[in-house]
Amino acid sequence: MFIDSHCHLDRLDLQAYQGNLALALQAAREQGVSHFLTVSVELDDYPVLSAFTEQYSDVSMSVGVHPSDVAEANQQPTVELLCQLAKHPKVVAIGETGLDYHYHPEQAAVQQQSFITHILASKQCAKPLIVHTREARKDTIDLLKAHQAEQGVLHCFTEDWDTAKAALDLGFYISFSGIVSFANAKELREVAAKVPLDRILIETDSPYLAPVPYRGKKNEPRYLPAVAKAVAEVRGLHFEEIAQITSANFGRLFGINI
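Engineer: When you look at unusual backbone geometry in this model, what are you seeing that I'm missing?
Structural biologist: For residues that are not glycine, phi is negative in most cases, and the peptide bond is trans in most cases. Geometrically, the link from S206 to P207 is a cis peptide bond, its omega value of 20° lying close to zero. Tracing the sequence through the fold places P207 in the loop between strand 8 (200–202) and helix 8 (224–235). The step from V212 to P213 runs through a cis peptide bond, and the omega angle for that step is 15°. With respect to the helices and strands, P213 occurs in the loop between strand 8 and helix 8. Its identity as a non-glycine residue notwithstanding, Q18 has a phi of 55°, on the positive side. We note that L209 has phi near 60°; this positive angle belongs to a residue other than glycine. Since its relative accessible area comes to 31%, L209 is described here as partly exposed.

Engineer: I tried to follow the pattern of salt bridges on my own but got confused; where do I start?
Structural biologist: Close approach of charged atoms allows side chains of opposite charge to pair. Applying the stated rule across the entire model yields 9 salt bridges. Close ionic contact of R11 with D10 constitutes a salt bridge, the shortest N to O distance being 2.6 Å. Judged by its relative accessible area of 26%, D10 falls in the partly exposed class. A single network of salt bridges, built from pairs that share partners, joins D10, R11 and D45.

Engineer: Explain the nonpolar core to me, please; I cannot follow it from the model alone.
Structural biologist: In summary, soluble globular proteins display a tendency toward joint burial of nonpolar side chains. Ranked by size, the top nonpolar core spans 72 residues in total, and within it L9, L21, L144, I174 and F176 carry the most contacts. A per-element tally of this core places helix 8 first, with 6 residues. Leaving out residues up to four positions away in the same chain, I174 has contacts with V153, L154, F157, A164, A167, L168, V195, R199, I200 and L201. Counting residues in hydrophobic clusters, the runner-up holds 13 residues, among them L37, I130, V153 and F250.

Engineer: Would you take a moment to explain helix 7 (residues 186–194) for this structure?
Structural biologist: Given 3.6 residues to a turn, an α-helix orients residues that are three or four positions apart in the same direction. Of all the residues in helix 7, the buried ones are L188, V191 and A192. Each buried residue of helix 7 lies within a common arc of 100° when the element is viewed along its axis, so the set occupies one face. Of the residues in helix 7, the exposed ones pointing more than 90 degrees away from the buried face are K186 and E187. Where helix 7 is buried, its residues touch helix 6 (161–169), strand 7 (173–176), strand 8 and helix 8.

Engineer: Any chance you could explain the packing of aromatic side chains here in plain terms?
Structural biologist: Any two aromatic rings considered together are summarised by their centre-to-centre distance and by the angle between their planes. Here the structure, examined in full by the defined rule, presents 4 aromatic pairs. For the ring pair Y214 and Y223, a centre distance of 3.8 Å and an interplane angle of 5° mean the geometry is stacked. On the basis of an interplanar angle of 45° and a centroid distance of 4.8 Å, the ring pair of F250 and F254 is categorised as tilted. Of this pair, F250 and F254 both sit in helix 9 (residues 239–254), 4 residues apart, roughly one helical turn. This pair shows no difference in class: F250 is buried, exactly as F254 is. Looking at R199, its charged tip hangs above the ring of Y173, at a distance of 6.0 Å from the centre.

Engineer: I would appreciate a short explanation of the environment of L9 in the present structure.
Structural biologist: Residue placement: L9 occurs in the loop between strand 1 (2–7) and helix 1 (21–29). When the C-alpha positions of L9 and F36 are compared, they lie 8.7 Å apart, and in sequence the two are 27 residues distant. The residues contacting L9, other than those within four sequence positions of it, are L21, L25, F36, T38, F52, V59 and P221.

Engineer: How do you make sense of the pairing of strand 7 when you look at a structure like this?
Structural biologist: Consecutive residues of a regular strand have side chains that alternate between opposite faces of the sheet. Alternating positions in strand 7 separate into two faces, Y173 and S175 on one and I174 and F176 on the other, with burial throughout. Judged from the 2 bridges that link them, strand 6 (residues 152–154) and strand 7 form a sheet pairing that is parallel. Note on strand 7: the bridge partner recorded for L154 is I174. For the segment spanning strand 6, helix 6 and strand 7, crossover handedness is right-handed. Pairing between strand 7 and strand 8: 3 bridges, direction parallel. Bridge pairing in strand 8 places F176 opposite I202. In this fold, strand 7 hands off to helix 7, which returns the chain to strand 8; that crossover is right-handed.

Scoring rules and cut-offs
- Residues numbered from 1 in each chain as written.
- Predicted model: local features only at pLDDT ≥ 70, side-chain atom pairs only at ≥ 80, totals over all residues.
- Heavy atoms only, no water.
- Helix = DSSP H or I, 4+ residues; strand = E, 2+ residues; numbered from the N terminus.
- Buried < 20%, exposed > 50% of the residue type's maximum accessible area, 1.4 Å probe, protein only.
- Salt bridge = Lys/Arg side-chain N within 4 Å of Asp/Glu carboxyl O.
- Core = buried A, V, L, I, M, F, W, Y, C linked by side-chain atoms within 4.5 Å.
- Contact = heavy atoms within 4.5 Å.
- Arc of directions from axis to C-beta.
- Phe/Tyr/Trp six-rings, centres within 6.5 Å; stacked < 30°, edge-to-face > 60°.
- Lys NZ or Arg CZ within 6 Å of the ring centre and 35° of its normal.
- Pairing = 2+ DSSP bridges.
- Right-handed = clockwise from strand over helix to strand, strands pointing away.

This is the structure:
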């Protein structure tokens, strides 16, 4: 049993499934994926994602705005709005939020303000925070500390061990995507070997970052076992053990009885 702790079901390439999300989810279930957390990157995602959760019992969702989108009009939520949206019974997290200075370093100030808003909403409505960080590791950790973030995950982790350790010390989880299987990801695999087993999650981040041996294809949840296998290899465990461990971790963090 695998749990995809971070995917974007509204952005999947469904050509191979005749445009039918139900078929894509069924293909993933046949590979042992038993639950999907579909993650918001824009406020406009809410109606679509909530409809998915109402249609499929094994799909849950988050609410939030990706740091790369916060400078756009109507994409700067308040704490009150996030908590209001989070009242939906299938919303289990706040985010995806965080900092991404790769493409728009000039937006650092607006990204930081949005990140703070999400941290405060996470605390106010008692739901874990889903954090994206890219080329902003120090500011990410500093803001989590300064605003006393209480629970969450650094998703699609690509940073160094010091960053992982700082997040772990704050009580956060670390989630690995298909990147951990890439040939050039030696340092990331070293991090995956060190993270305590009770703090590891796995994800596809689909439709992005398909794992080996699917690299170059559009990613989808049915490829999640390949991520589990890559993590299992560096831990010296069977991938089914990683499936069991990460599923238990997901249920504990997001308050879902899997």
